[in-house]
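Chain and residue survey
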Amino acid sequence: MTSLKNKRTKNLILIGIGISIIVLSISMTTNSCGTRHIFIINDIQTFEKSLDPEFCEELIEKIDNFNLECQPQVEILDCG
């Protein structure tokens, strides 16, 4: 009985570590500068089609944050 409990505990710990590694790697990938740059480029294309001023303001905030943290710099849009 004791060895069965130890085996279950080890398996649960290994599963927990595996899930933690997967979650950590996904969060690191989604916050990378390259991924953020692609999303901003797509958002710029969406803005050019819609010309929505509210969307433009949100996009400018994303671009400002990106430019502070990442390279290459993305040109700020003119919402006017």
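Attention here is on the structure that accompanies the text. (Residues numbered from 1 in each chain as written. Predicted model: local features only at pLDDT ≥ 70, side-chain atom pairs only at ≥ 80, totals over all residues. Heavy atoms only, no water.)

End to end, helix α3 (residues 53-69) covers 25 Å across 17 residues, agreeing with the expected 24 Å (1.5 Å per residue, within 8%). Looking at α3, one finds that the buried residues are C56, L59, I60, I63, F66 and N67. One side of α3 holds all its buried residues, which, seen down the axis, span an arc of 130°. Opposite the packed face of α3, turned more than 90 degrees from it, sit the exposed residues E54, E61, L68 and E69. (Helix = DSSP H or I, 4+ residues; strand = E, 2+ residues; numbered from the N terminus. Expected span 1.5 Å × (residues − 1). Buried < 20%, exposed > 50% of the residue type's maximum accessible area, 1.4 Å probe, protein only. Arc of directions from axis to C-beta.)

On to the packing of helix α2 (residues 33-50) against α3. Following both chains from N to C, one finds α2 and α3 inclined at 155°, their axes separated by 11 Å at the closest point. Looking at the two axes, α2 sits roughly antiparallel to α3. Judged by the sense of rotation from one axis to the other, the crossing of α2 with α3 is left-handed. Across the interface between the two elements, C33, R36, H37, I40, D43, I44, T46 and F47 of α2 pack against F55, C56, L59, K62, I63, N65, F66 and E69 of α3. Per-class residue counts for the contact of α2 with α3 are nine nonpolar, three polar and four charged. (Axes fitted to C-alpha atoms, helices over the stretch in contact; angles between N-to-C directions. Parallel < 35°, antiparallel > 145°, perpendicular 65-115°, else oblique. Left-handed = near helix turned anticlockwise from the far one by under 90°. Contact = heavy atoms within 4.5 Å. Nonpolar A, V, L, I, M, F, W, Y, C, P; charged D, E, K, R; others polar.)

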